[in-house]
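Residue-level structure breakdown
Chain by chain, the residues:
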Amino acid sequence: MASTRLRRTVTSALAVTLTAAAAVGGTTAATSTGGAEAAPTTDKAPSTLAFGGNGQGGRTDAERAYRDLLDHGKNAKILTAAHRGQWRVAPENSLPAIEAAFDDGAEIVELDVRLTADGVPVLMHDTTVDRTTDGTGEVSSFTLAEIKELRLKEHLGGAQTALTDERVPTLAEAMELVADRGLVNLDKGWPAREEIWDVLVDTGTVRNGLFKSDAPVDEVQAFRESHPDALYLHMISDDNLASFDEFGDDQPVGYEVVFGTEQDAVARAPFLERMAGEARVWANSMWDGLADHLTDEASLVDPSRGWERLVTTFRASMVQTDDVEAIERWLRTGEGDAVPRGSVRVQAEDFAPGGAGVAYHDVDAGNRGNLDMRPGEDVDISDADGNVRVSWLRGGEWLTYEVDVPRTGRYELSARVSSPYTPAGVYTVSFDGGPESERVDVLSTTSHDKQEVQASGVVQHLTQGRHTVRVSLPDDAFQNWNLDHLQLDRVR
Ligand SMILES: [Ca+2]
Ligand SMILES: [Ca+2]
Ligand SMILES: [Ca+2]
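This write-up is about the structure you can find in this document. The residue count restarts for each chain, going from 1 along the sequence in the order it is written. Going through the entries in the order they are written, you letter the chains from A and number the ligands from 1. The predicted nature of this model means local features are confined to residues of pLDDT at least 70 and side-chain atom pairs, given and counted, to a pLDDT of 80 or more, with totals for whole chains, interfaces and linings taken over all residues. Hydrogens and waters are ignored; side-chain quantities use all the structure's heavy atoms.

Quick word on the overall build of the protein
How we decide: Secondary structure is summarised from DSSP: a helix means a run of H or I of at least four residues, a strand means a run of E of at least two, and numbering begins at the N terminus for each. For the exposure calls, accessible area comes from a 1.4 Å probe over protein chains only, and a residue counts as buried if that area is under 20% of its type's maximum, exposed if over 50%, partly exposed in between. Using the Shrake-Rupley algorithm and a 1.4 Å probe, accessible areas are obtained, with residue cover drawn only from the displayed protein chains.
What the protein contains, in helices and strands, is 12 helices and 22 strands. Across the 492 residues in the protein, those meeting the buried criterion constitute 55%. Carbon and sulfur atoms make up 49% of the accessible area of the protein, which amounts to about 20000 Å² in all.

Laid out in structure tokens, this is it:
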């Protein structure tokens, strides 16, 4: 693993160099030659409102994040924003997801704000409650009392996703929770900006709240003139490129830059250079099309395919992510998702040679996926936002892998999978043509495109050298999931 810690600044990220990860882990290295960390400058700090918080006089995490936000110098700290909160451990836009985001190292949580029928700002991404709760209908058709009756679903929700005991938070509840902890990016909330402003004032969190829109500049400036302490982030793309110049010498604190491809005018170096001289640059890495293909998943494979390029080439000093823990690890170590020392990882798409009937059985002819990595094979290989995986896994199918075990010992198999279904599927494992293991359940990740590592409980003694691993999907079970990779980790 890396022995040199990566200093968490823009200039040090420029200095990161990475060697290619080997198939067997433990060889990825990162070095940093980052310069000295400058103290944040705070000359633009509004002073008319006290900072929300504990009133103890000591600096809170939130106050540090606020001061960092106002610093867009070349040594500015790279800030991370947790998309909809840390939804991998709690429902999106829920109070525990907010706490978990800060626990995992984010400085900002991105939350979505909508108004109830009685005009109360609450946290909800969609216009309806259907995806994320046990209710149905428009958010704006529920009173606060009615929406509080609903229960939130796990993670990203969805039709088959289990309910939790969590309720739809009001914005006020969320702001009270974050007061000492960090910043909130108020997405979807521009139409309700006056109601949101009142909540920030009432909860003493004006400096925690970051308004956001792509509204016409004169509309934005009218709001900022009447609310001079409001923090504001402007969303910019080729559709409203002129807005940067329209702000003139009264620039917002940051710009959320969205570029479908690297060829977009908004992504050109001279433009971003000017912007970075005036404001923070925010980039999004959750999926393709927000910053070309510079995604979280690509970053896990190799940070220079995602986060590192966003920071170095595209001048981002704030990154919104679905992988808070992973991006924090990258900022500490320079590594993406390196294979742990002594472990063996095999990508699902790297199944053994030999073709149908020898290396695999696939129930439908041809590759239904969008990646032609294994021409002529029937296995279905797809790319989801930079994640290359075997998709359309169905009952009756099996896949064989060759793995080189570095050291004799006992190994547990895990699989990195995704599926929105409950149940998602079942598999068994067989080593070197031996007996099949107990059945392993594949659990829902609440999205086809959001992967997680799931331990199998299958432990096997393996001698040093080459072995085959066969993954089989019983045809008497529901099967609809995606396999990114298998990994064998030493156990005692
Ligand atoms: Ca197929
Ligand atoms: Ca298939
Ligand atoms: Ca893969």
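A look at the coordination of the calcium ion (ligand 1)
Each donor-metal-donor angle in an ideal tetrahedron of four donors is 109.5 degrees, and each such angle in an ideal octahedron of six donors is either 90 or 180 degrees. To keep things clear, this is the line we draw: The rule for donors is simple: N, O or S, within 2.8 Å of the metal, or within 3.2 Å if the metal is Na, K or Ca. Water isn't counted, so a site may look like it is missing partners.
D362 (OD), D364 (O), D364 (OD), G366 (O), D378 (O), D380 (OD) and D380 (OD) make up the full set of protein donors to the calcium ion (ligand 1), lying at 2.3 to 2.9 Å. Mapped onto the sequence, the donors of the calcium ion (ligand 1) take the spacing D-x1-D-x1-G-x11-D-x1-D. Taken as an interatomic distance, the gap from the calcium ion (ligand 1) to the calcium ion (ligand 2) is 4.3 Å; D362 donates to each of them. Linking D364 in the loop between β13 (360–361) and β14 (381–384) with D380 in the loop between β13 and β14, this pair joins segments that are 16 residues apart in sequence. D380 gets classed as buried once you look at its relative accessible area, which sits at 0%.

Description of the packing of aromatic side chains
Selection criterion: Pairing of aromatic side chains here covers Phe, Tyr and the six-membered ring of Trp, requires ring centres within 6.5 Å, and sorts the geometry by plane angle: under 30 degrees stacked, over 60 edge-to-face, intermediate tilted. As a reminder, the over-ring test applies to NZ of lysine and CZ of arginine, requiring each to be within 6 Å of the ring centre and within 35 degrees of the ring normal.
Tallied over the entire structure, the rule returns 12 aromatic pairs. Look at F247 and Y255: their rings are 6.2 Å apart centre to centre, the planes differ by 80°, and that puts the pair in the edge-to-face class. Across the pair, exposure class does not vary: F247 and Y255 are buried alike. Geometrically, the ring pair formed by Y421 and F478 is edge-to-face, given 5.6 Å between the ring centres and 70° between the ring planes. Highlighted residues: Y421 in the loop between β17 (409–419) and β18 (425–431) and F478 in the loop between β21 (465–472) and β22 (482–491), separated in sequence by 57 residues. On the basis of relative accessibility, which here comes to 24%, the residue Y421 falls in the partly exposed class. Members of the aromatic cluster, joined through ring pairs, are W190, F211, F223, Y232, F244, F247, Y255 and F271. The ring of F351 is capped by R374, whose NZ or CZ atom sits 3.8 Å from the centre of that ring. Above the plane of the ring of W398 lies R470, whose end atom (NZ or CZ) is 4.3 Å from the centre.

Side note on the pairing of strand β3 (residues 79–83)
One face of the sheet, then the other: side chains in a regular strand alternate in exactly this way. Quick note on the threshold: For two strands to pair, DSSP has to find at least two bridges joining them. With its strands directed away from the observer, a crossover is right-handed exactly when the path from the first strand over the helix to the second travels clockwise.
With 5 of its 5 residues buried, β3 lies for the most part within the structure. Residues L79, A81 and H83 line one face of β3 and the alternating positions T80 and A82 line the opposite face, and both faces are buried. Sheet topology note: the β3/strand β11 (residues 318–321) ladder contains 4 bridges and is parallel. Across the sheet, the residue bridging to L79 is M318, located in β11. Examined bridge by bridge, β3 and strand β4 (residues 108–115) share 3 bridges and lie parallel to one another. Note that in β4 the partner of A82 across the bridge is V109. Taken together, β3, helix α3 (residues 95–103) and β4 form a β-α-β motif whose crossover is right-handed.

Some thoughts on the environment of G433
Assignment of secondary structure puts G433 in the loop between β18 and β19 (440–442). With 34 residues separating them in the primary sequence, G433 and H467 have C-alpha atoms 9.6 Å apart.

Quick word on the coordination of the calcium ion (ligand 2)
Keep this limit in mind: Angle rules define the geometry names used: all angles between 85 and 135 degrees makes four donors tetrahedral, while opposite donors over 155 degrees apart and all other angles between 65 and 115 make four donors square planar and six octahedral, leaving every other case irregular.
D362 (OD), D362 (OD), D380 (OD), W392 (O), E397 (OE) and E397 (OE) make up the full set of protein donors to the calcium ion (ligand 2), lying at 2.3 to 3.1 Å. Taken together, the 6 donor atoms coordinating the calcium ion (ligand 2) span angles of 45 to 164° at the metal, a pattern that classifies the geometry as irregular. Within one chain, the residues donating to the calcium ion (ligand 2) are spaced in sequence as D-x17-D-x11-W-x4-E. A residue is classified by how much of its surface remains accessible, and D362, at 10% relative accessible area, is buried.

A look at the packing of helix α5 (residues 171–178) against helix α6 (residues 193–203)
Formally: Orientation is described by axes fitted as lines to C-alpha atoms, over the contacting stretch for helices, and by angles from 0 to 180 degrees between their N-to-C directions. Should an angle fall under 35 degrees it is called roughly parallel, over 145 degrees roughly antiparallel, and 65 to 115 degrees roughly perpendicular, with every other angle called oblique. Each crossing gets its hand from how the near helix is turned against the far one by less than a right angle, where anticlockwise is left-handed and clockwise is right-handed. Contacts: residue pairs with any heavy atoms within 4.5 Å of one another. Each residue gets one label: Ala, Val, Leu, Ile, Met, Phe, Trp, Tyr, Cys and Pro are nonpolar, Asp, Glu, Lys and Arg are charged, and the others, such as Gly, are polar.
α6 packs onto α5 with a crossing angle of 40° between their chain directions and a minimal axis gap of 10 Å. Considering the angle they form, α5 stands oblique to α6. Along this stretch, α5 crosses α6, giving a crossing that reads as right-handed. The segment α5 lies against α6, with L171, A172, M175 and E176 engaging I196, V199, L200 and T203. Class assignment for the residues of the contact of α5 with α6 results in 6 nonpolar, 1 polar and 1 charged.

What to know about unusual backbone geometry
Residue P423 is bonded to the preceding T422 through a cis peptide linkage, with omega at -5°. The phi torsion at K188 lies on the positive side, around 65°, for a residue other than glycine. The residue K188 is located in the loop between β6 (183–187) and α6 in this model. For K188, a relative accessible area of 34% translates into the label partly exposed. One non-glycine residue, D292, adopts positive backbone phi at about 50°.

Focus: the pairing of β6
Extensive coverage of β6 is indicated by the burial of 5 of its 5 residues. Burial of β6 is two-sided: the residues L183, N185 and D187 facing one way and the residues V184 and L186 facing the other way are all buried. In the sheet, β4 pairs with β6 via 5 bridges, with the strands oriented parallel. Each residue of the ladder has a partner; that of E110, found in β6, is N185.

A short note on the sheet that holds β18
If you trace the 5 strands from one edge of the open sheet to the other, you get β13-β16-β21-β18-β19, paired in antiparallel fashion. Pairing within the sheet leaves two strands with one partner each, and these edge strands are β13 and β19. Pairing of β18 with β19, which is carried by 3 bridges, proceeds in the antiparallel orientation. For Y427, the partnering residue across the bridge sits in β19 and is V440.

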